[in-house]
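This is what each chain is made of:
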Amino acid sequence: MAKDTQAPPTPAEEFPDIAELPYEAARDELVSIVAQLEGGQAGLEESMRLWRRGEALAAHCSTWLDEAESSLAGTDEE
């Protein structure tokens, strides 16, 4: 049996809508996903999808925060 050599999609490919989310919306959705996962009501496949989306949302939020921090650091030098 041949193995599937195709790489799994990156978070940006799997969840392209995340790139358009403002920070607050991404954060709120991430909080909701964490609550769903902690509740343990989702099946394995859905939990894995939620986990991947949560990771993508966390990375998106981190990018927003890093950009804000860089912006603030730039204003301190003036």
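Attention in this report is confined to the structure presented alongside it. (Residues numbered from 1 in each chain as written. Predicted model: local features only at pLDDT ≥ 70, side-chain atom pairs only at ≥ 80, totals over all residues. Heavy atoms only, no water.)

### Examining the overall build of the chain
Quick note on the threshold: Each helix is a run of DSSP H or I of at least 4 residues and each strand a run of E of at least 2, with the numbering of both proceeding from the N terminus. The atom set for the radius of gyration is the C-alpha atoms, and the globule formula is 2.2 Å times the number of residues raised to the power 0.38. To sort residues, take the accessible area from a 1.4 Å probe on protein chains only and compare it with the maximum for the residue type: under 20% means buried, over 50% means exposed, and anything in between is partly exposed. Only heavy atoms enter the contact rule, under which two residues are in contact if any of them lie within 4.5 Å. The method behind every accessible area is Shrake-Rupley, applied with a 1.4 Å probe, and residues are considered shielded solely by the protein chains displayed.
Of regular secondary structure, the chain possesses three helices and zero strands. The linear arrangement of helices and strands in the chain, starting from the amino end, is α-α-α. A globule of 78 residues ought to have a C-alpha radius of gyration of about 12 Å, yet the chain, at 16 Å, is considerably larger. Each principal axis of the C-alpha atoms in the chain carries an extent, and together these give about 60 × 35 × 15 Å. The buried share of the chain, reckoned over its 78 residues, is 17%. Considering only residue pairs separated by 6 or more positions, the chain has 76% of its internal contacts joining residues 24 or more positions apart. For the chain, the exposed surface amounts to about 6200 Å²; the carbon and sulfur share of it is 57%.

### Comments concerning the side chain of arginine 53
To be explicit about the condition: Think of a polar contact as two N or O atoms within 3.5 Å of one another; within protein, one of them needs to be a possible hydrogen donor and the other a possible acceptor, and neighboring residues in sequence only count if both atoms come from side chains.
By secondary structure assignment, the location of arginine 53 is in helix H3 (residues 44-76). A distance of 2.7 Å separates a polar atom in the side chain of arginine 53 from a polar atom in the side chain of aspartate 17. Side chain to side chain, arginine 53 and glutamate 29 meet in a polar contact 2.4 Å long. Not counting residues within four places of it along the chain, the set of residues in contact with arginine 53 comprises Phe15, Asp17, Ile18, Glu29 and Ile33.

### Comments concerning the environment of glutamate 55
By the element assignment, glutamate 55 lies in helix H3. Looking at glutamate 55, the relative accessible area reads 46%, which means it is partly exposed. In sequence terms glutamate 55 and leucine 30 are 25 residues apart; their C-alpha atoms lie 8.5 Å from each other.

Shape is all these values report; function is a separate question.
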